[in-house]
Amino acid sequence: MFWNKEMETISQTDLEALQLSRLKWTVSHVQNVEFYQKKFRDAGVTPADIQSLDDIEKIPFTTKKELRDGYPFGNIAVPMKQVVRIHTTSGTTGKPTVVGYTRQDLDNWSELIARNLTMIGLTDEDIFQNAVNYGLFTGGLGFHYGAEKIGATVIPSATGNTRRQIEMIDDFGVTAIHCTPSYGMHLAEVAEEMGASLDSLRIGVFGAEPWSENMRKELETRLGVEAFDSYGMSEMYGPGAAFECPGHDGLHLWHDFYFAEIIDPETGERLPDGEKGELVITPLVKEAMPLVRYRTGDITRIIPDACPCGRGKRLARISGRADDMLVIRGINVFPSQIEHTLFSIPEVGDQFMVYVDRINHLDEMTIEVEMNRESFSGELADLAGLQRKVAGAIKESLNLRTTVRLVEPGSLPRFEGKARHVVDRRGEI
Ligand code: ADP
Ligand code: K
Ligand code: ZN
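Residues numbered from 1 in each chain as written. Chains lettered and ligands numbered in written order. Predicted model: local features only at pLDDT ≥ 70, side-chain atom pairs only at ≥ 80, totals over all residues. Heavy atoms only, no water.

Colleague: Give a detailed account of the pattern of salt bridges, specifying residues and quantitative values.
Modeller: Throughout the structure, instances matching the rule amount to 37 salt bridges. With a closest N to O distance of 3.4 Å, Lys58 and Asp55 form a salt bridge. The exposure class of Lys58 is partly exposed, given its relative accessible area of 43%. Of the residues examined, Asp55 reaches a relative accessible area of 14% and is grouped as buried. (Salt bridge = Lys/Arg side-chain N within 4 Å of Asp/Glu carboxyl O. Buried < 20%, exposed > 50% of the residue type's maximum accessible area, 1.4 Å probe, protein only.)

Colleague: Just give me the short version of the domain arrangement of the protein, but keep the residues and values in it.
Modeller: In terms of domain boundaries, the protein breaks down into domain 1 (1-322) and domain 2 (331-424). Each of domain 1 and domain 2 was reduced to a C-alpha centroid, and the two centroids are 32 Å apart. Each partner contributes to the interface: domain 1 provides 16 residues, whereas domain 2 provides 11 residues. Here domain 1 and domain 2 share an interface that buries about 1,200 Å² over both sides, 53% of which is from carbon and sulfur atoms. The tally of links from domain 1 across to domain 2 stands at zero salt bridges. At the junction of domain 1 with domain 2, the criterion picks out zero residue pairs in polar contact (both at pLDDT 80 or more). Of all the elements in the fold, those that place two or more residues in the side of domain 1 that touches domain 2 are helix H8 (181-194) and helix H9 (213-223). Tallied by class, the residues present in the side of domain 1 that touches domain 2 amount to three nonpolar, eight polar and five charged. (Domains from an automatic or database assignment. Contact = heavy atoms within 4.5 Å. Buried area = accessible area lost by both parts, 1.4 Å probe. Polar contact = N/O pair within 3.5 Å; in protein donor to acceptor, adjacent residues only side chain to side chain. Helix = DSSP H or I, 4+ residues; strand = E, 2+ residues; numbered from the N terminus. Nonpolar A, V, L, I, M, F, W, Y, C, P; charged D, E, K, R; others polar.)

Colleague: Describe the coordination of the potassium ion (ligand 2), and please don't skip the residues or the numbers.
Modeller: Within the protein, the atoms that donate to the potassium ion (ligand 2) are Ala208 (O), Gly330 (O) and Asn332 (OD1), at distances of 2.6 to 2.7 Å. Mapping the donors of the potassium ion (ligand 2) onto the primary sequence gives the spacing A-x121-G-x1-N. Linking Ala208 in the loop between strand E6 (203-207) and H9 with Asn332 in strand E17 (residues 331-333), this pair joins segments that are 124 residues apart in sequence. (Donors = N, O, S within 2.8 Å, 3.2 Å for Na, K, Ca; no water.)

Colleague: Talk me through the sheet that holds strand E11 (residues 277-283); I want residue IDs and the actual numbers.
Modeller: Taking strand neighbours across the sheet as the criterion, the four strands line up as E10-E11-E12-E15 in an open arrangement whose pairing is antiparallel. Every other strand in the sheet has two partners, leaving strand E10 (258-263) and strand E15 (320-321) as the edge strands with one partner each. Pairing between strand E12 (residues 294-300) and E15: two bridges, direction antiparallel. Bridge pairing in E15 places Ile299 opposite Gly320. (Pairing = 2+ DSSP bridges.)

Colleague: Can you break down the packing of H8 against H9 residue by residue, with the values?
Modeller: Geometry of a packed helix pair, given as the angle between the helix axes and the separation of the axes. Two elements in contact, H8 and H9, have axes whose closest approach is 10 Å; the angle formed by their N-to-C orientations is 35°. Judged by the twist between their axes, the crossing of H8 over H9 is left-handed. Here H8 contributes Pro181, Ser182, Gly184, Met185, Leu187, Ala188, Glu189 and Glu192 to the contact with H9, which in turn contributes Met215, Glu218, Leu219, Arg222 and Leu223. (Axes fitted to C-alpha atoms, helices over the stretch in contact; angles between N-to-C directions. Left-handed = near helix turned anticlockwise from the far one by under 90°.)

Colleague: Requested: an account of the environment of Ala393, with residues and values cited.
Modeller: Of note, Ala393 is situated in helix H11 (residues 380-398). Sequence-distant contacts of Ala393, defined by excluding residues within four places in its chain, comprise Thr341 and Ile345.

Colleague: Give me the lowdown on the layout of surface pockets, citing residues and values where you can.
Modeller: Regions of empty space are outlined by a rolling probe, equal in size to a water molecule, passed over the atoms. Of the pockets and cavities examined, the second largest pocket occupies roughly 510 Å³. Looking at the second largest pocket, it is lined by 30 residues, and the ones nearest its centre are Gln12, Leu15, Gln19, His255 and Lys313. At the level of elements, helix H1 (5-8), helix H2 (12-29), strand E9 (251-253) and E10 are the ones that each hand at least two residues to the lining of the second largest pocket. Of the residues in the lining of the second largest pocket, the class split is 12 nonpolar, eight polar and 10 charged. (1 Å grid on protein atoms, 1.4 Å probe; cavity = no way out; pocket = protein on both sides within 12 Å on 5 of 7 lines; lining within 4 Å. Points joined across faces, edges and corners; volume = space filled by probe spheres on them.)

Colleague: A description of the pairing of strand E19 (residues 362-371) should follow, citing residues and the corresponding values.
Modeller: With 10 of its 10 residues buried, E19 lies for the most part within the structure. Note: strand E18 (residues 348-359) against E19, nine bridges, orientation antiparallel. If you follow Asp357 over to E19, its bridge partner there is Glu364. Taking the residues between adjacent antiparallel strands as the criterion, E18 and E19 are bridged by two residues, where Asn360 takes a positive phi near 50°. Bridge analysis of E19 against strand E20 (residues 403-407) gives five bridges, and the strand direction is parallel. Each residue of the ladder has a partner; that of Val369, found in E20, is Leu406. In the classification by handedness, the crossover that spans E19, the intervening H11 and the parallel E20 is right-handed. (Right-handed = clockwise from strand over helix to strand, strands pointing away.)

Colleague: Tell me what's going on with the environment of Asp199, and back it up with residues and numbers.
Modeller: In this fold, Asp199 is placed in the loop between H8 and E6. The exposure class assigned to Asp199 is exposed, which follows from its relative accessible area of 71%. In this structure, the C-alpha to C-alpha distance between Asp199 and Thr175, residues 24 residues apart in sequence, is 8.7 Å.

Colleague: Just give me the short version of the sheet that holds strand E3 (residues 127-130), but keep the residues and values in it.
Modeller: If you walk across this open sheet you meet the nine strands as E4-E3-E5-E6-E7-E8-E9-E14-E13, and the pairing is mixed. The open sheet is flanked by strand E4 (153-155) and strand E13 (302-303), the only strands paired with a single partner. Where E6 meets strand E7 (residues 226-233), five bridges bridge the pair, whose relative direction is parallel. Bridge pairing in E7 links Gly204 to Ala227.

Colleague: Now, about the site of ligand 1: what can you tell me, with residues and values included?
Modeller: Among the 18 residues in the neighbourhood of ligand 1, the closest are listed as Asp229, Ser230, Ser234, Asp298 and Asn332. In the model, a nitrogen atom of ligand 1 is placed 3.2 Å from a nitrogen or oxygen of the Ala208 main chain. Asp229 places a side-chain nitrogen or oxygen 2.8 Å from a nitrogen atom of ligand 1. Contact with the protein chains covers 95% of the free accessible surface of ligand 1, which is 540 Å². Of the residues that constitute the shell around ligand 1, the class distribution is eight nonpolar, six polar and four charged. (Near = heavy atom within 4 Å. Areas by Shrake-Rupley, 256 points an atom, 1.4 Å probe, with all protein chains shown as cover.)

Colleague: Which residues make up unusual backbone geometry, and what are the values?
Modeller: Cis geometry marks the peptide bond from Tyr71 to Pro72, where omega comes out at -5°. Within the element layout of this structure, Pro72 appears in the loop between helix H4 (64-69) and strand E1 (85-89). In this structure, Asn161 is a non-glycine residue whose phi angle is positive, near 50°. Locating Asn161 in the fold gives a position in the loop between E4 and helix H7 (162-172).

See the structure below:
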């Protein structure tokens, strides 16, 4: 089933012609952003130098850090009166990256979600529960409008109040649910506790964080769904940039909207199809916040062979990160953000260790931080208070519940050279 058969099954030759004309538009459109003017100037490239898709290699990469430096609206390429919405994505320290959308951007994003949901068999007969965060995160509104576009009945249930969510599934006869895989596991657990029936559910869409094939089996049996992987990021509108088809063997990236390259994260060298490396994306139709050669940090490969469903080249499921970003219950966390938060609390030092575990399929983060000698009163009540304060500050800045363990000054390991702050014990994904 296709939402836009013409684009979804476009031939490679036609696709490349379309990509080239859209790439040319994009490289000239980014000239409205000072940062890109400078980037092109420094590299000695002009938009006129881009005459083939391979010419893109003349343009330097764009990094997360560079986008952050544009806070708040420095990356916006259109007058603000054309920007009809903003979302934000967690920055590495303090300030987030702001992502802007024109009306056309929002339409494009809904179009992608509509393609995805149609591809996995959803129609206007479906009742779709969108159990993801509706705030500044992109998952909520992004899926919401895309699901409305195909005419599904959308329940904007957001997250939290899990027992009520489960009652809704039964009461409303929900057929499809979208949530993080972690939240999906939590729903399953609570439903089992309640002895609730999830009989109406047949499709589960899971994304925003890596999840294993084992987790797929668990989600499928415990929720009674066929599970689909959804990939995206705020810089690419949000979720829905690539999506699993019913073949469940890789995700279809929408090549008319995104030009994909895979590079060696160490050398920046471009790798051939089939080889694993860092995904670099050039959105081809983005208006408010165009990007060129954006380093996603996500490790994957392009699956070159044709998919039986007739759509274009697939991306393998994301298998890791090229940087130190952690994805915990769908929330992106940089160790530098934790450091930044700890710096703002005078009672603790700047030495810390983060442990990430997977307990009952849920990611749990524990932070060990050293107290300052001066603030170490020896009173247990003071310790508990400080622990709460640190956990509260982390919750405030990362929107993530953590366990905080205070340790004695000087007890954490010191590193010569690059400090290692994270021990990820979640194992292979
Ligand atoms: P989203 O809400 O779509 O997760 P963010 O911008 O908050 O958007 O986070 C994007 C990052 O989340 C990606 O760069 C990737 O590391 C991770 N991510 C998103 N979807 C998936 C997925 N299906 N599998 C693995 N990682 C994912
Ligand atoms: K994420
Ligand atoms: Zn397919």
